[in-house]
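Here are the chains, one letter per residue:
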Amino acid sequence: MRHALAGGAKAVFWLNDDTEPGPGALETLARTVERRGGAAGGVCRLPRSGMPVYAGFLRHGRGLRFVAAEPGREQPCHALNGNLVCLSRAAIESAGLPDARAFPHAFGDTDYTLRLHASGYPVTLVGDATAKALPNNPGNHASWFVGETTAGRLWGDLGRKTSYAYLPAHWRFCTRHWGWRGAAACGWLLAKRVPATAVLRTIPRSWRRALWGKRSSAWETERLIREETGR
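Note that the structure is predicted; figures quoted are calculated from it, not measured.

1. Comments concerning the overall build of the protein
Moving on, step 1. When helices and strands are tallied, the protein shows nine helices and ten strands.
Moving on, step 2. Here the C-alpha atoms of the protein give a radius of gyration of 18 Å, agreeing with the 17 Å that 2.2 N^0.38 yields for 231 residues.
Moving on, step 3. Across its three principal directions, the C-alpha atoms of the protein cover 60 × 40 × 30 Å.
Moving on, step 4. Here the protein holds 231 residues, and 45% of them are scored as buried.
Moving on, step 5. Element-wise, carbon and sulfur atoms account for 54% of the exposed surface of the protein, whose accessible area totals about 11700 Å².
Moving on, step 6. Computed over 32 positive and 18 negative side-chain charges, the inter-centroid distance for the protein is 8 Å.

2. Focus: the pattern of salt bridges
Moving on, step 1. Scanning the model with the defined rule gives 13 salt bridges in all.
Moving on, step 2. Across the salt bridge formed by Arg153 and Asp157, the nearest N and O atoms sit 2.5 Å from each other.
Moving on, step 3. Put simply, Asp99, Asp111, Arg115 and Arg176 are held in one network by salt bridges that share partners.

3. Digging into the packing of helix α6 (residues 167-191) against helix α7 (residues 193-202)
Moving on, step 1. Two elements in contact, α6 and α7, have axes whose closest approach is 5 Å; the angle formed by their N-to-C orientations is 25°. Accordingly, the angle class assigned to the pair α6 and α7 is roughly parallel. Taking contact as the criterion, the partners of Leu189, Leu190 and Ala191 in α6 are, on α7, Arg193, Val194 and Pro195.
Moving on, step 2. Partitioning the contact of α6 with α7 into residue classes produces five nonpolar, no polar and one charged.

4. Here's the deal with the sheet that holds strand β8 (residues 79-80)
Moving on, step 1. Ordered by their spatial adjacency, three strands build an open sheet running β6-β5-β8, and the pairing between neighbours is antiparallel. Of all strands in the sheet, those with a lone pairing partner are β6 (63-67) and β8, marking the two edges.
Moving on, step 2. By the bridge criterion, five bridges tie strand β5 (residues 56-60) to β6 in an arrangement that is antiparallel. When the bridges of β6 are listed, Arg59 appears paired with Leu64.

5. Some details on the confidence of the model for the protein
Moving on, step 1. A residue-level look at the protein finds 99% of positions with pLDDT of 70 or above and a mean pLDDT of 92.
Moving on, step 2. When mean pLDDT is compared element by element in the protein, strand β9 (residues 84-88) scores highest at 98, while helix α9 (residues 217-229) scores lowest at 82.

6. Comments concerning a nonpolar patch on the surface
Moving on, step 1. On the surface, a nonpolar cluster with roughly 260 Å² of combined accessible area is contributed by Trp155, Leu190 and Val194.
Moving on, step 2. Along the chain, Trp155 turns up in helix α5 (residues 151-156).
Moving on, step 3. Here Trp155 falls in the partly exposed class, since its relative accessible area comes to 36%.

7. Digging into α9
Moving on, step 1. Compared with an ideal rise of 1.5 Å per residue, which puts 13 residues at 18 Å, α9 spans 18 Å between its outermost C-alpha atoms and is within 8% of the ideal.
Moving on, step 2. All buried positions along α9 are accounted for by Trp219, Glu222, Leu224, Ile225, Glu228 and Thr229.
Moving on, step 3. Those residues of α9 that are buried are in contact with β4 (52-54) and α8 (205-212).
Moving on, step 4. Backbone geometry just downstream of α9 places Gly230 in the positive-phi region, at approximately 75°.

Cut-offs used in this document
Residues numbered from 1 in each chain as written. Predicted model: local features only at pLDDT ≥ 70, side-chain atom pairs only at ≥ 80, totals over all residues. Heavy atoms only, no water. Helix = DSSP H or I, 4+ residues; strand = E, 2+ residues; numbered from the N terminus. Rg over C-alpha atoms; globule rule 2.2 N^0.38 Å. Buried < 20%, exposed > 50% of the residue type's maximum accessible area, 1.4 Å probe, protein only. Areas by Shrake-Rupley, 256 points an atom, 1.4 Å probe, with all protein chains shown as cover. Lys, Arg positive; Asp, Glu negative; His and termini not counted. Charge placed at Lys NZ, Arg CZ, Asp CG, Glu CD. Salt bridge = Lys/Arg side-chain N within 4 Å of Asp/Glu carboxyl O. Axes fitted to C-alpha atoms, helices over the stretch in contact; angles between N-to-C directions. Parallel < 35°, antiparallel > 145°, perpendicular 65-115°, else oblique. Contact = heavy atoms within 4.5 Å. Nonpolar A, V, L, I, M, F, W, Y, C, P; charged D, E, K, R; others polar. Pairing = 2+ DSSP bridges. pLDDT = per-residue confidence, 0-100. Patch = residues over 30% accessible without salt bridge, like charges linked within 9 Å, V, L, I, M, F, W, Y side chains within 5 Å. Expected span 1.5 Å × (residues − 1).

Rendered as structure tokens:
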């Protein structure tokens, strides 16, 4: 981003390595940013099922709720996944660069776009800007109880920088944007791992899937992603 600005860029794109933009997607985002300013993001979907895996977020309680705009619609958001995003030069110059020290990977995109929105810049999800996406880390979309997650992975993710559970980044993100309520949410992230570990180590996966599989939207998401990525 620093290099692009030094070269005189009027806008900067974020494009993730697991994302393939559809025809005209980049141009659509660039036009949206030229018209509205701030940041504009696209909707990234699994190639076969069409399920959205990266899009935008609305603030909800002490967290974020995932949203995906339909074709022909522009959805005002509080934050965006960074897989397919265009940012205006004015917004970047005002907000500065992403906080790479606090967020070396996980949460860097959502933190940055949340800060843009809080500074008064529009953050827009554009339904006509689409991409195919095969998540390169399916574990970030995993169901704890009925998916492929192990107790070791559950705790190991706390120290894995590419995980949404990476504890230093998670703590900074939650407390920066939700204060003491965010601290409580981060504490709950740790606390609930204890009973979850007991379940994972004592109840066979086949039993867990029989009991909870049909009611778990997280398992449906994980299953589709693993089928399409082959992981």
